[in-house]
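Letter by letter, the chains look like this.
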Amino acid sequence: DPEGAVLYGDRRLVNHEDAILYNIVSGTASARNDTHLGGRIHPGCCLVPAVMAEAQIHHISGKRAIEAVLFGTEVMIRFGAALRKGTSYPLSDAIRFTSLPVPIGAAFAMAKLFSDDAATMANAAALALCHINSVGNQWRFEGTGEDAYP
């Protein structure tokens, strides 16, 4: 990127992919995650850095970036809540749950950032669904009892 995107807490500009990764890690490593209990997710830690970096390098307004964050957050929460519906909650022991709704919400946020077109939204969601790579909670199956994510 000729201009790059800013790192949180630093005025340096780096390529936007590095800024997204750095900003996600810096937010989650310090345990400053936002949490939505109904969806059992942390929407802001991944969504906000991605939207802000893309908005910065493409010179998209702050208003549009906020709309995209809100839209993506709403999708994440609703998708997460839908997956949790019922009392059995069978997915909780097998995967890190946040990894399912976050890519979907992020795809919708990016689509909203660049377009209001329904086809763009549907294509973004389809692409995200095809590429979800869940983080396994193998420690639960190994018997270590180390619940890193209580």
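Look a little higher up for the structure.
Remember, predicted model here, so these are calculated numbers, not experimental data.

A word on the overall build of the protein
Each helix and strand counted, the protein has 6 helices and 2 strands in total. Start at the N end of the protein and walk to the C end: the helices and strands fall as β-β-α-α-α-α-α-α. Within the span of the protein, comprising 150 residues, buried residues form 39% of the whole. Sequence separation of 24 or more characterises 60% of the internal contacts of the protein that already satisfy a separation of 6 or more. Per element, the accessible surface of the protein, about 8,700 Å² overall, is 60% carbon and sulfur.

Re the environment of Asp117
Counting through the fold element by element, Asp117 comes out in the loop between helix H4 (101–114) and helix H5 (118–130). Here the side chain of Asp117 touches Thr120 through a polar contact of 3.1 Å, landing on its backbone nitrogen.

Details of helix H3 (residues 62–84)
Compared with an ideal rise of 1.5 Å per residue, which puts 23 residues at 33 Å, H3 spans 33 Å between its outermost C-alpha atoms and is within 8% of the ideal. Buried within H3 we find Arg64, Ala65, Ala68, Val69, Gly72, Thr73, Val75, Met76, Ile77 and Gly80. In the core, the buried residues of H3 are packed alongside helix H2 (43–57) and H4.

About the cut-offs
- Residues numbered from 1 in each chain as written.
- Predicted model: local features only at pLDDT ≥ 70, side-chain atom pairs only at ≥ 80, totals over all residues.
- Heavy atoms only, no water.
- Helix = DSSP H or I, 4+ residues; strand = E, 2+ residues; numbered from the N terminus.
- Buried < 20%, exposed > 50% of the residue type's maximum accessible area, 1.4 Å probe, protein only.
- Contact = heavy atoms within 4.5 Å.
- Areas by Shrake-Rupley, 256 points an atom, 1.4 Å probe, with all protein chains shown as cover.
- Polar contact = N/O pair within 3.5 Å; in protein donor to acceptor, adjacent residues only side chain to side chain.
- Expected span 1.5 Å × (residues − 1).

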